[in-house]
2 protein chains.
Amino acid sequence: MDTRIIGRHVIHAAALFAAFPLLSPGARGADTLHSWNSGPTKFAVMQFVRDVTTEGGQDYLPPDERIAVFSHDGTLCPEVPAPVELAFLMDRIKALASRNPRWQSKEPFRSALSKNLKGLASAGTRGILELTAAVHSGMTPEEFEATVNGWIAKARNPRLNRLYSECGLLPMLELLDFLRSNGFRIYIVVRGDAAFLRSWAEKVYGVPPAHIIGSSVRTKYEVHKGVPELVRRPDFDMLEDGAGRPPAIYRVTGRRPIAAFGNSDGDLEMLRWTAAAEGRHLVLLVHHTNGGNEFAYDRKAMFGKLDSALDIARKSGWTIADMTKDWNRFFAKTGK
Amino acid sequence: MDTRIIGRHVIHAAALFAAFPLLSPGARGADTLHSWNSGPTKFAVMQFVRDVTTEGGQDYLPPDERIAVFSHDGTLCPEVPAPVELAFLMDRIKALASRNPRWQSKEPFRSALSKNLKGLASAGTRGILELTAAVHSGMTPEEFEATVNGWIAKARNPRLNRLYSECGLLPMLELLDFLRSNGFRIYIVVRGDAAFLRSWAEKVYGVPPAHIIGSSVRTKYEVHKGVPELVRRPDFDMLEDGAGRPPAIYRVTGRRPIAAFGNSDGDLEMLRWTAAAEGRHLVLLVHHTNGGNEFAYDRKAMFGKLDSALDIARKSGWTIADMTKDWNRFFAKTGK
């Protein structure tokens, strides 16, 4: 930085803070949230970041404690017509159906084969894991990853006609960058098998495999012909949804987050746990209100139902990002 | 760096590489392994690091893939007379015994109360977890952490008369720094409850809570009087010893490590799995051969038995750090 500019800052520090409270040195990259409209929501996010990053301030927290958790489907990307993992599983079940005639009469396979989304939604996280475990057992994690990568390279959200890998909600991608540039460690929480998102989250969200928190298909250490390897079993170890999320987050991060971002009732426990932290924290709910640019749904949604969490958010004064009011762009341009 | 020195490096690059192959730009901080004697073991470590960090080289790996896992007891610190977690548990059991008369006749509590190390050793990882779960349930993770911190601030290894927090083996602490300065991410693997080591590993080893991999006492999300919190239950979720280690490492890191450091048969699966990686990797076994400076034990040890792993290491050509041959200092000076 030019020393003359430093000099001006020192001289006019008080005036600058009053005029541009968000341009303080504590919140780096504050003007990169281009897709967010000016207003109380954007202000709340930026003020929070400034507060916890301003050294000497009463809310300052060292980078080690700046942990932010994001729900995946519906918070970082659309979940209409279905969460991306479910779209993947439906395609895999279809591809492997001829070898597994029993699936025709057995739930949740039957729903997956007939693309009965309502049936799949009611099967819940357990249903997703049953599909994953059945379809993707008997292989190494590396083989599973290769299958996922092959699929994600081509698969599109049918309602948006856009590659799933280009469906990240732009304001949220900007928010990830903003937090990262301010020393936050970002974790993404998923309902189903963490291994699915781990295969591609780094490319799309810049979040490494170790920072994806989710359920896990049982993986065993086995030695075949003298070669040790991990093999996925047709079963799962942990089901990390709802009330299972805070313990899973704690197990992975070793701390309580100071910022949590969700969009549905399934995120409620994670949000409440973060909101109960003693120090400065931010709890934000993404509200899908824009049917023109994305989708509009809340209390009666098949996936991502937002009902009691919306009431609690309003009552508790959590930050709510209303897509229509708070966002001006939804997706990045693509090459398609 | 002085430009004249850079100039000399450029001019004499070829000569420098021949004379000091380990001072290449790829292996930063190579001369900080002061407690390691020059010889094939130190050379193997440094050459490995140079190979995977030299851009353009055939073994180059980007920082994201530079994952190193260390066993804790016996690899990073002594485990004689007992692993540090067991010392903690014996003290806690003793302190709480009057409230739990049944412990007098129930294993592994009885062994813990009578300081019967042989009995505790035979109770294994499951025994350690039973003690942890019983003694430290009904409290939040934060309360547990406070108990551990209070203990570790004062507790000493009775044979070394040295605070446990100052028992890190100096050559291994130097190795952690060396790997870190070369872009590695370090994970520590423990037998018992990960939460125990998480409380103090950052201070002693520079390894953050999220990078401690271990078993876990079951932790539930509960709401008491409207306040959500995590509560430790008298039970455990996962027992991560032996063959459970590779899946646990994979679950936490999302990758197979390229470097693994152990000292006992309990580390065998982790070492073999790392050794089976396709690319360049390093597998190192610490052999406790120095009864004068530390302890000497292997095939018949109560804790940290090193028997079949030693044979396999020799047969497979893994790197073996023989404390007497390879190390010249064992512990850092303390203020005591």
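Position numbers for residues start from 1 in each chain and track the written sequence from start to end. Lettering of chains starts at A and numbering of ligands starts at 1, both following the order in which they are written. Local features in this predicted model are restricted to residues of pLDDT 70 or higher, and side-chain atom pairs are both shown and tallied only at a pLDDT of 80 or more, whereas totals for entire chains, interfaces and linings draw on every residue. The side-chain numbers reported here are obtained from all heavy atoms of the structure, hydrogens and water having been left aside.

## A short note on the domain arrangement of chain A
Residue and element names in this part refer to chain A.
Next up, step 1: Note that domain bounds follow an automatic or database assignment of domains. The assigned domain composition of chain A is domain 1 (19-80 + 165-326) and domain 2 (84-156).
Next up, step 2: With centres defined by C-alpha atoms, the gap from domain 1 to domain 2 works out at 25 Å.
Next up, step 3: Taken together, the contacts link 26 residues of domain 1 with 27 residues of domain 2.
Next up, step 4: Here the buried area means the combined drop in accessible surface, using a 1.4 Å probe, for two parts upon being joined, counting both sides. Its largest share of buried area at the contact with domain 2, domain 1 owes to Phe 196, Arg 232 and Phe 236, together 31% of the area lost on that side.
Next up, step 5: By the criterion applied in these results, polar contacts are pairs of N or O atoms within 3.5 Å in which, for protein atoms, one can donate a hydrogen and the other can accept it, and in which residues neighboring in sequence qualify only through two side-chain atoms. Linking domain 1 to domain 2 there are five residue pairs in polar contact (both at pLDDT 80 or more).
Next up, step 6: Taken together, the elements giving at least two residues each to the side of domain 1 that touches domain 2 come down to β4 (185-193), α9 (194-198), β5 (212-224) and β6 (227-238).
Next up, step 7: What counts as a helix is a DSSP run of H or I of at least four residues, what counts as a strand is a run of E of at least two, and both are numbered from the N terminus. Ranked by the residues each element gives to the side of domain 1 that touches domain 2, the list is headed by β6, at nine residues. Contact between two residues is taken to exist if any of their heavy atoms lie within 4.5 Å; hydrogens are not considered.

## Digging into the pairing of β6 of chain A
It is a general feature of regular strands that their side chains alternate between the two faces of the sheet.
All names here are of chain A.
Next up, step 1: With eight bridges joining them, β5 and β6 adopt antiparallel strand pairing. The residue of β6 that forms the bridge with Ser 216 is Met 238.
Next up, step 2: What makes two strands pair is DSSP finding at least two bridges between them. With antiparallel pairing between neighbouring strands as the criterion, β5 and β6 make up a hairpin whose turn holds two residues, including Lys 225 at a positive phi of roughly 50°.

## Some remarks on the interface of chain B and chain A
Next up, step 1: Listed per partner, the contact involves 35 residues of chain B and 35 residues of chain A.
Next up, step 2: Summed over both partners, the interface of chain B with chain A comes to about 2800 Å²; 56% of that surface belongs to carbon and sulfur atoms.
Next up, step 3: The largest share of the area that chain B buries against chain A comes from Tyr 221, Tyr 250 and Arg 251 of chain B, three residues that together contribute 21% of it.
Next up, step 4: Between Glu 142 of chain B and Arg 256 of chain A there is a salt bridge; the shortest N-O distance is 4.0 Å.
Next up, step 5: Sorting the residues of the side of chain B that touches chain A by element identifies α7 (141-152), β4 (185-193), β5 (212-224), β6 (227-238), α11 (245-253) and α12 (268-275) of chain B as the ones contributing at least two each.
Next up, step 6: Broken down by element, the side of chain B that touches chain A gets its largest block of residues, six residues, from α11 of chain B.
Next up, step 7: In the side of chain B that touches chain A, the residues fall into 16 nonpolar, five polar and 14 charged. In the sections that follow, a salt bridge refers to a side-chain nitrogen of Lys or Arg positioned within 4 Å of a carboxyl oxygen of Asp or Glu. Think of it as three bins: nonpolar holds Ala, Val, Leu, Ile, Met, Phe, Trp, Tyr, Cys and Pro, charged holds Asp, Glu, Lys and Arg, and polar takes everything else, Gly as well.

## Quick look at the sheet that holds β4 of chain B
All names here are of chain B.
Next up, step 1: Spatially, β6-β5-β4-β1-β7-β8-β9 is the arrangement adopted by the seven strands of the open sheet, whose pairing is mixed. Looking at strand neighbours, the two that pair on one side only are β6 and β9 (319-322), the edges of this open sheet. Neighbouring strand axes in the sheet, compared pairwise and without regard to direction, differ in orientation by 30° on average.
Next up, step 2: Summarising the sheet, β4 and β5 pair through three bridges and their orientation is parallel. Looking at β5, one finds that Ile 188 is bridged to Ile 212. Note on definitions: angles span 0 to 180 degrees between N-to-C directions of axes, and those axes are lines fitted to C-alpha atoms, for helices only across the stretch in contact.

## Quick word on the sheet that holds β5 of chain A
Residue and element names in this part refer to chain A.
Next up, step 1: Pairing within the open sheet is mixed, and its seven strands lie in the order β6-β5-β4-β1-β7-β8-β9. Strands at the two margins of the open sheet, each flanked by one partner only, are β6 and β9 (319-322). Direction aside, the axes of adjacent strands within the sheet are offset by 30° on average.
Next up, step 2: For strand β7 (residues 259-262) and strand β8 (residues 282-287), the ladder comprises four bridges, and the chain directions are parallel. Bridge assignment links Ala 259 to a residue of β8, and that residue is Leu 282.
Next up, step 3: The strands touched by helix α3 (residues 40-53) within the sheet are β7, β8 and β9, with β8 carrying the most contacts at an inclination of about 150°.

## Details of the relation of the copies chain B and chain A
Next up, step 1: Screw-axis analysis of chain B against chain A gives a translation of 0.0 Å along the axis, an RMSD of 0.0 Å, and a rotation angle of 180°. These values place the two chain copies in the arrangement generated by a two-fold rotation axis. The C-alpha atom lying nearest the rotation axis in chain B is that of Val 252 of chain B; the distance is 3.5 Å.
Next up, step 2: A high fraction, 100%, of the interface residues of chain B reappear at the interface in chain A, so the copies pair face to face through one surface. Superposing copies: least-squares fit, C-alpha atoms only, residues required to have pLDDT of at least 70 in both.

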